[in-house]
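Examination of the molecular architecture
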Amino acid sequence: MSSPHDRNNKDLKERFSRKMSIQEYELIHRDKEDENCLRKYRRQCMQDMHQKLSFGPRYGFVYELETGEQFLETIGKEQKITTIVVHIYEDGIKGCDALNSSFTCLAAEYPMVKFCKIKASNTGAGDRFSSEVLPTLLVYKGGELISNFISVTEQFAEEFFSGDVESFLNEYGLLPEREIHALDQTNMEEDTE
């Protein structure tokens, strides 16, 4: 005769040794899906919070200004905390293409700075911007001109890159600190888990 204790042990062994039912499998699998959903939700909340705590608008690309009026409007209507860096250029002038390329890189690295470019002939004051003074950089904040650099490429080597332009602007304190991409690092770590 078997005792109740033996029967409980036998039931327990059967429960552990039998295969997992479809429902149990789905429950376990659903828990993993829920965990992934929570991780994505947490990541989105962190990005939203980071964006709300980042002061001012975000740009991330170079704006091509077509007219002098558009130039004045850009300077006058931007938030007072926004730094605006304007490249006045003309096609065929030495250094203008390299500076435009540098602006494209810098705009991505400093999305809180508004990088713009305008052809000298489109400014309405083209006679003031002869080929001897191009490329010219103008830096504005709060609607006020805070720096201007004529023939700016004379400050660089024959061949220069965005890092050179960044160092030059940082030397004069015209760029804010670069944003730390800690959120991207956190996202990468979570994705590997």
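Per an unreviewed UniProt entry, the protein goes by the name Phosducin and belongs to Neovison vison. What the UniProt record of the protein gives under Sequence similarities (unreviewed entry) is the line "Belongs to the phosducin family."

**Remarks on the overall build of the protein**
Within the protein one finds six helices and five strands. Start at the N end of the protein and walk to the C end: the helices and strands fall as α-α-β-α-β-α-β-β-β-α-α. Within the span of the protein, comprising 193 residues, buried residues form 35% of the whole. Sequence-distant contacts, at least 24 apart, represent 70% of the contacts inside the protein between residues at least 6 apart. For the protein, the accessible area works out to roughly 13,300 Å², and carbon and sulfur atoms hold 52% of it.

**Concerning unusual backbone geometry**
The linkage connecting leucine 134 with the following residue, proline 135, adopts the cis geometry, with an omega of -5 degrees. We note that serine 151 has phi near 45 degrees; this positive angle belongs to a residue other than glycine. Position of serine 151 among the secondary structure elements: in the loop between strand S5 (144–149) and helix H5 (162–171).

**Things to note about the pattern of salt bridges**
In this structure the tally under the stated criterion is five salt bridges. Across the pair lysine 114 and glutamate 78 runs a salt bridge, and its minimum N-O distance is 3.1 Å. One end of the pair, lysine 114, is in strand S3 (residues 114–119); the other, glutamate 78, is in the loop between helix H3 (68–77) and strand S2 (83–89), and 36 residues separate them in sequence. Look at lysine 114 and you get buried, because its relative accessible area is 10%. Overall, the relative accessible area of 17% leaves glutamate 78 in the buried class. As a salt-bridge pair, aspartate 91 and lysine 119 come within 2.7 Å of each other at their nearest N and O atoms.

**Some thoughts on the sheet that holds S3**
Reading across from one edge, S1-S3-S2-S4-S5 is the order of the five strands in this open sheet, with mixed pairing throughout. Strand pairing shows two members of the sheet lacking a second neighbour, strand S1 (62–65) and S5, which therefore form its edges. Pairwise comparison of adjacent strand axes, ignoring direction, gives a mean angle of 25 degrees for this sheet. Pairing analysis gives four bridges linking S1 to S3, with the strands arranged parallel. Residue leucine 65 lies in a different strand from S3, and its bridge partner there is isoleucine 118.

**Describing the nonpolar core**
With 21 residues, the main nonpolar core has Phe115, Leu137 and Leu169 as its most contacted residues. Leucine 169 has contacts with Leu106, Leu137, Leu174 and Leu175, leaving out every residue within four places of it along the chain. Counting 18 residues, the second largest nonpolar core, distinct from the first, contains Ile75, Ile88, Ile93 and Tyr140.

What counts as what
- Residues numbered from 1 in each chain as written.
- Predicted model: local features only at pLDDT ≥ 70, side-chain atom pairs only at ≥ 80, totals over all residues.
- Heavy atoms only, no water.
- UniProt positions renumbered as here; feature names shortened; annotations may be inferred.
- Helix = DSSP H or I, 4+ residues; strand = E, 2+ residues; numbered from the N terminus.
- Buried < 20%, exposed > 50% of the residue type's maximum accessible area, 1.4 Å probe, protein only.
- Contact = heavy atoms within 4.5 Å.
- Areas by Shrake-Rupley, 256 points an atom, 1.4 Å probe, with all protein chains shown as cover.
- Salt bridge = Lys/Arg side-chain N within 4 Å of Asp/Glu carboxyl O.
- Pairing = 2+ DSSP bridges.
- Axes fitted to C-alpha atoms, helices over the stretch in contact; angles between N-to-C directions.
- Core = buried A, V, L, I, M, F, W, Y, C linked by side-chain atoms within 4.5 Å.

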